[in-house]
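Each chain is listed here by its residues.
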Amino acid sequence: MIERLEMYRRMAFIRGFEEQVLELGREGHVAGSIHLCLGQEAIPVGAMAALRPGDRVLSTYRGHGWALAAGADPFAVMAEIAQRAEGTNGGRSGSPLLSAPEVGFLGENSIIGAGLPIADGVAMASQFRGDGRAVLASFGDGAMNQGGTTEAMVFAAAKNLPVIFVCENNGWSEMTPITATTRGEHLAVRAQGLGIEAHVVDGNDPVAVYEVVGEAAQTCREGRGPVFIEFKTARLSGHYNKDIQHYRPAQDIEAAQAVDPLTRFRELEGLPEAEVARVDAEVAQQIAALAERTRQAPAPSSEGVLDHLYAPDLPAPTVAASVEPKEVPYFRAVNEALKDAMTRRPEVLVYGEDVGFAGGIFGVTRTLQKEFGSERVFDTPISEAAILGSAVGAAMEGMRPVVEIMWADFVFVALDQIVNQASNVRYINRGKVSAPLVIRMQQGVTSGSCAQHSQSIEAVLAHVPGIKVGLPATPQDAYAMTLAAIEDPDPVVLIEHRSMYQDAGLVRFEGPSEIAAGAKFHRDGGDVAIITWGSMVAPALQAADRLQAEGVSATVLDLRWVRPLDEAAIARAVAQSGGRVVVAHEAFLHGGFGAEVSAVITESHFDQLRHPVVRVGTPDVRMPSAPALQELLLPSADSIAAAVREAVKQ
């Protein structure tokens, strides 16, 4: 343990740092909100003194103190808070999302409770490698009412993960007292109810913090985690820098000041006044120098604002000598791709609800657990946020997780982990950290499916920069695109269509043969272009066959990847089709991805168009379960052919 005066110095430094950040905000050097840890300094200082180099830390957005205690460069942290070029993240994260992965601080999170599932994944990677690391995730009392928090604890308990869940209970959930929303004196009882070892500790005493975190870390290193620690602490300032705390009773503010960790520590430890004064003066001088340097630091250059969203494209894989194709169903093609990847890459994990022992409700992962073992292919709790968040964390730590969301409709209960987490990792960290995970899901209408099991959601996901989205339409693409997704250095979502799982086709099992990009022309024609993807590829080809008999020659372009979008292939389709285009998809017409394709064509190729782009899709209505009603609503070869006839009239 570090000696007492040094412990005081570290707390005093965080206190002075936060007070100076508050002043920089008043001076106009910080844009936006700042969430300070004033009054909570003992927790990161005591905890980090107990952890080892190589352990990992994730924190709430009130996490400047955690970054500093973890060893991040104080100037880089202050410069990041002030959105300067020399900040830890080059001004990309600001106060609530900063990270310093080089010292094990994997970052703050401005989505309440979202860091806990990610911590599970970081711990899972450590557990898989057997490297003895502990992972600490800090969060506020308000996060205890988030579903993702409970999911993360359930997941960690099920997997015995080496995670220390640290609840910094300052009594305030933003601007609402925790007592107004939560029954009971201690939040730790919730963890106990999940079978997790739990403690309630004075969070204003860095020595007590040090001792309990040290014990928790040892428990985790011995494979007996997770551990939950509720630190009772106090907030000496508002929820954010401009919070005047009009809602907060004066007696509550006074009670918080009475347990100020710096004052208490000086008194309890009997620190010499002269030594304390010397430390305070040194800290004040250091902080003043940091502030002045920050004031003079330049803003980020505009030149690199688009950099690091994705990794550079991989080179096209070198394919072996021609392999004799085999006819297999679509689901088997995905299975073979997963088997191929797991054989070549020991870091590939496959998990999700029922994917292990049962092999998935559609049989896609059948036999994988038997072949590769339950450590690499396993079932999870029914906890989508934990599944996706753990995949983000594991990927950040060098694993290649392939996770399944059983039905695409279910992803909305955990969409944060894609939209706010996975998509941000590379960009916020300027390429120093990435999250190469694969999310498999199946979507679309099949006979008898209800409105909660039938949606097509590619447009929602394609709207998110930082991820890639593909829809394999044939068994060959199911195999090749799955391998491409696993090899890709960025997050990839693969959307399969369950109506195609039993469709058979020829597949060359030749290993990785392409990258996660690029459309495919299924046929060329000079009269019209049918641009489609996913479940509409087969009806589009059927329509093209019928139209050929009528003397209409159609190009059929399968986009395959809606992000990144192959605009060169679209340009070729428009050019060779005489400027007549039909865009077809199963999703609802309004706001569907077909609107984006139509916009690209109109903006870039308007001069070539001989007819407005025609879109074919499902009407804007919830999907009924009755097969007869579904048939009335779904696009088909007939409706695609009718749209083509409209387009070629002129």
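Because the structure is a prediction, the values reported are computed rather than measured.

Asks: What's the story with helix 19 (residues 537–549) in this structure? I'm lost.
Replies: Think of an α-helix as 3.6 residues a turn; residues three or four steps apart then line up on the same face. Between the first and last C-alpha of helix 19 there are 19 Å, a value that for 13 residues agrees with the 18 Å anticipated at 1.5 Å per step. Just past helix 19, the residue G551 takes up positive phi, approximately 90°.

Asks: Can you help me understand the packing of helix 4 (residues 74–81) against helix 11 (residues 273–296) in this one?
Replies: Two numbers describe a pair of packed helices, the interaxial angle and the distance between the axes. As a packed pair, helix 4 and helix 11 sit with axes 9 Å apart at the nearest point and diverge in direction by 50°. Considering their axes alone, helix 4 and helix 11 lie oblique with respect to each other. Judged by the sense of rotation from one axis to the other, the crossing of helix 4 with helix 11 is right-handed. The segment helix 4 lies against helix 11, with P74, F75, M78 and A79 engaging L290, A291, R293 and T294. Taken together, the residues that form the contact of helix 4 with helix 11 break down as six nonpolar, one polar and one charged.

Asks: Looking at this structure, I do not really get the nonpolar core. What am I missing?
Replies: Note that soluble globular proteins tend to have their nonpolar side chains buried in a common cluster. Core analysis: the biggest nonpolar cluster contains 83 residues, and F228, M441, L461 and I531 have the highest contact counts within it. For this core, the leading source of residues is helix 14 (residues 384–396), giving nine residues. Once residues within four sequence positions are removed from consideration, M441 is found in contact with I405, A408, V411, I457, L461, V493, L494, I495 and E496. Grouped together as the second largest cluster of nonpolar side chains are 64 residues, Y8, A50, I164 and V207 included.

Asks: How should I be thinking about the pattern of salt bridges in this particular structure?
Replies: Opposite charge on two side chains allows them to pair when their charged atoms are near. What the rule picks out here adds up to 39 salt bridges. Across the salt bridge formed by E336 and R332, the nearest N and O atoms sit 3.1 Å from each other. With E336 and R332 both in helix 12 (residues 330–344) and four residues apart, the pair spans about one turn of that helix. Residue R645 pairs with E550 through a salt bridge whose shortest N-O separation is 2.7 Å. Within this pair, whereas R645 is found in helix 23 (residues 637–647), its partner E550 is found in the loop between helix 19 and strand 19 (554–558), the two being separated by 95 residues in sequence. Here R645 falls in the partly exposed class, since its relative accessible area comes to 36%.

Asks: Before we go on, may I ask you to explain the packing of helix 5 (residues 115–129) against helix 6 (residues 147–159) in this structure?
Replies: Helix 6 packs onto helix 5 with a crossing angle of 15° between their chain directions and a minimal axis gap of 8 Å. Judged on the interaxial angle alone, helix 6 and helix 5 are roughly parallel. In the crossing of helix 5 with helix 6, the sense of the turn from one axis to the other is left-handed. Here L116, P117, D120, M124 and Q127 of helix 5 lie close against helix 6, whose contacting residues are G148, T149, A152, F155, A156 and K159. Of the residues that constitute the contact of helix 5 with helix 6, the class distribution is six nonpolar, three polar and two charged.

Asks: I tried to follow the packing of aromatic side chains on my own but got confused; where do I start?
Replies: Think of a pair of aromatic rings as described by two things: how far the centres are apart, and how the planes are tilted against each other in angle. For the coordinates displayed, the defined rule picks out 10 aromatic pairs. A centroid spacing of 5.8 Å and a plane angle of 70° characterise the contact between Y330 and Y501, whose relative ring orientation is edge-to-face. Taken together, the residues span a long stretch of sequence, with Y330 in helix 12 and Y501 in the loop between strand 15 (492–497) and strand 16 (504–507) at a distance of 171 residues. Take Y330 and Y501: they sit in the same class, and that class is buried. One aromatic cluster in this structure is built from Y330, F362, W407, F410 and Y501. Directly above the aromatic system of F378 lies the positively charged group of K159, at a separation of 3.6 Å from the ring centroid. Positioned over the ring face of F521 is R572, at 3.7 Å from the centre of the ring.

Asks: Help me understand the sheet that holds strand 20 (residues 561–563), please; the structure alone is not making it clear to me.
Replies: Sheet strands pair by backbone hydrogen bonding; their relative direction is either parallel or antiparallel. Read from one edge to the other, the open sheet built from seven strands follows the order 11-10-12-13-15-14-20, with strand pairing classed as mixed. The strands lining the two open edges of the sheet, one partner per strand, are strand 11 (377–379) and strand 20. Direction aside, the axes of adjacent strands within the sheet are offset by 20° on average. Two strands pair when backbone bridges link them, and strand 13 (residues 438–443) and strand 15 are joined in this way by six bridges, in the parallel orientation. Within strand 15, the residue paired with R440 across the bridge is L494. Sheet strands in contact with helix 18 (residues 475–487) are strand 10 (348–352), strand 12 (400–405), strand 13, strand 14 (468–470), strand 15 and strand 20, and its direction is about 160° off that of strand 15.

Asks: Just checking my understanding: could you explain the environment of E646 for this structure?
Replies: Inspection of the secondary structure assignment puts E646 in helix 23. Sequence separation between E646 and R580 is 66 residues, and the spatial gap between their C-alpha atoms is 9.8 Å. Apart from the residues lying within four places of it in its own chain, the contact partners of E646 are H611 and V614.

Asks: Whenever I open this one, unusual backbone geometry confuses me. Can you help?
Replies: Keep in mind that most residues, glycine aside, have a negative phi and that most peptide bonds are trans. Following G225, the chain continues into P226 via a peptide bond in cis, with omega recorded as 0°. As for its position among the elements, P226 is in the loop between helix 8 (206–221) and strand 8 (227–232). With an omega of 0°, the peptide bond running from R563 to P564 counts as cis. Mapped onto the secondary structure, P564 falls in the loop between strand 20 and helix 20 (567–576). At D354, a residue that is not glycine, the phi angle is positive and equals roughly 70°.

Conventions adopted
Residues numbered from 1 in each chain as written. Predicted model: local features only at pLDDT ≥ 70, side-chain atom pairs only at ≥ 80, totals over all residues. Heavy atoms only, no water. Helix = DSSP H or I, 4+ residues; strand = E, 2+ residues; numbered from the N terminus. Expected span 1.5 Å × (residues − 1). Axes fitted to C-alpha atoms, helices over the stretch in contact; angles between N-to-C directions. Parallel < 35°, antiparallel > 145°, perpendicular 65-115°, else oblique. Left-handed = near helix turned anticlockwise from the far one by under 90°. Contact = heavy atoms within 4.5 Å. Nonpolar A, V, L, I, M, F, W, Y, C, P; charged D, E, K, R; others polar. Core = buried A, V, L, I, M, F, W, Y, C linked by side-chain atoms within 4.5 Å. Buried < 20%, exposed > 50% of the residue type's maximum accessible area, 1.4 Å probe, protein only. Salt bridge = Lys/Arg side-chain N within 4 Å of Asp/Glu carboxyl O. Phe/Tyr/Trp six-rings, centres within 6.5 Å; stacked < 30°, edge-to-face > 60°. Lys NZ or Arg CZ within 6 Å of the ring centre and 35° of its normal. Pairing = 2+ DSSP bridges.

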